[in-house]
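Spelled out from the first residue to the last, the chains are:
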Amino acid sequence: MKLRYLKNVATLTLAPEKCVGCGQCEEVCPHGVFAIAEAKARIADLNACMECGACAPNCPVHAIEVNAGVGCAAAIVFGWFTGKEPSCDCANGECC
Amino acid sequence: MSGCCFPNNSACCGGTEMQTVPTTLSAGDIWGACKVRLGIGRMDYKVEPGLYAVGTPDGASPVLVSANYKLTFDALRSKLSGLDCWLLILDTDGVNVWCAAGKGTLGTEELINRIELTGLTEIVKHRKLILPQLGASNMKAHEVTRQTGFSVIYGPVRAEDIKAFIAAECKATRKMRTVKFTAWDRLVLTPVELVAALKISLFAFGVLFLLNLFATRPFGLRDVAAYIGAVLIGTVVTPLLLPWIPGRAFSFKGGLLGLIWTAAAVWRFRWFAPEYALLAIGYLLLLPAVSACFALIFTGASTYTSPSGVLKEMKISLPFIVGAFVVGAVLVLIQNLFIGRPL
């Protein structure tokens, strides 16, 4: 059974006019979000996106934008208390 | 190839000792893995960064890049039997590939640095590196090529696919590129969650012990059993049954199972009697909130939750979790401190 998380939340965007169809995004995406057809990438499954941020820095023409980060409740709460960006570096050195 | 840099020849490679590593795990490796899965010494389970040999590699053998978390290192080498290759182990401070990429320790800079420190350019003739795909989020492949001459190929997600990947001339199938989160993947993550939850619970038990000095209905084994059950629901059962529990939000899934568990406990312990009404209602609010909270924490261990999604889930669920917890705790305390056990 395929695990699916909340719908219509991912911040991933792709500018098709910039895309050169190199296929790098499709290669690094761990959830099969992208598909390449006729030398252009498109977002085929936005709701599978976990915003890990692998695609954006590997796009040679900067056609992809995403608010990447950790999908971790503890990190988000920790971020609220410390005012920092949520990350895996939790308070007591224990982390994920 | 000069013949100098073969494994176990400590006289070369810039004086650094080259180590050949076996592709089988010893009892000690397995024991070590069990311990870190229980959260014991998890933050200090490392191997020395550097270049390692698997089999009898030469100048044409592939170079696999990985992290220096020993659990990662062992998982990788144990899947390489029969292969001659080099392992370039980066200093990720004992953190796995995906998380180290997220933290920034596994990245362009460390890779370039490690290539120089190990003298890799002298050891292999080709100029290709196979990186774990999950290291991609912090890697500027073109920058690595510009500074070192090595081109970056992203390998499969799982170590078990590496041999097939190399055999297919470094072509990964869609399946090799996709992160799974199988029941087994989820199960091995649960002990760390459970141990952490029980550590926090010791504090709660201490408070209950003190409250029992004033209680007219002291907290007993049944209360503890009901609570431990709710913790197990949140930290183990919900993660394990994740795809089969209705809903998408982790807290909803945990809360739902927690409610079923608590209803069963209330029934079994005969707390449904009118004189225990506050206790029953209290626990029916409090314990599902506990399960929901621990299930929510498991988003951090999952491989498919987006930060935007978790934030949305928290904004909706936290008021319910905190509200149910507080109201439930107050009701239970009223029962136990003021009403007590009926005669």
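Residues numbered from 1 in each chain as written. Chains lettered and ligands numbered in written order. Predicted model: local features only at pLDDT ≥ 70, side-chain atom pairs only at ≥ 80, totals over all residues. Heavy atoms only, no water.

S.K.: Requested: an account of the pattern of salt bridges, with residues and values cited.
M.R.: Residue and element names in this part refer to chain B. If you walk through the whole model with that rule in mind, you get 12 salt bridges over all chains. Its salt-bridge partner being Asp-93, residue Lys-46 comes within 3.0 Å of it at the nearest N-O pair. Of this pair, Lys-46 sits in the loop between helix H1 (27-37) and strand S2 (50-54) while Asp-93 sits in the loop between strand S4 (85-89) and helix H3 (97-103); the two residues are 47 residues apart in sequence, bridging distant segments of the chain. For Arg-77, the salt bridge identified is with Asp-74, shortest N-O distance 2.9 Å. Of this pair, Arg-77 and Asp-74 both sit in helix H2 (residues 70-77), three residues apart, which is roughly one turn of that helix. An identical accessibility class is assigned to Arg-77 and Asp-74; each is buried. Shared partners join several salt bridges into a network, and the residues in it are Asp-29, Lys-70, Asp-74 and Arg-77. (Salt bridge = Lys/Arg side-chain N within 4 Å of Asp/Glu carboxyl O. Helix = DSSP H or I, 4+ residues; strand = E, 2+ residues; numbered from the N terminus. Buried < 20%, exposed > 50% of the residue type's maximum accessible area, 1.4 Å probe, protein only.)

S.K.: Quick rundown of the confidence of the model for chain A? Include the residues and the values.
M.R.: Chain-level statistics for chain A give a pLDDT mean of 89 and a share of 91% at 70 or above. By mean pLDDT, the top-scoring element of chain A is strand S1 (residues 13-14) of chain A (97), and the lowest-scoring one is helix H3 (residues 73-82) of chain A (89). (pLDDT = per-residue confidence, 0-100.)

S.K.: A description of the domain arrangement of chain A should follow, citing residues and the corresponding values.
M.R.: Domain boundaries assigned for chain A yield domain 1 (13-65) and domain 2 (69-96). With centres defined by C-alpha atoms, the gap from domain 1 of chain A to domain 2 of chain A works out at 27 Å. (Domains from an automatic or database assignment.)

S.K.: So what about the nonpolar core? Which residues, and what values?
M.R.: All names here are of chain B. Residues Leu-88, Leu-111, Leu-120 and Leu-129 are the most contacted members of the largest nonpolar core, which totals 35 residues. In terms of residue count, the dominant contributor to this core is H3 (four residues). If we ignore the near neighbours within four places in the chain, the residues touching Leu-88 are Gly-50, Leu-51, Val-63, Leu-64, Val-65, Ser-66, Leu-111, Arg-114, Ile-115, Thr-118 and Leu-120. Within the second largest apolar cluster, 21 residues are counted, among which are Ala-226, Val-266, Tyr-276 and Leu-279. (Core = buried A, V, L, I, M, F, W, Y, C linked by side-chain atoms within 4.5 Å. Contact = heavy atoms within 4.5 Å.)

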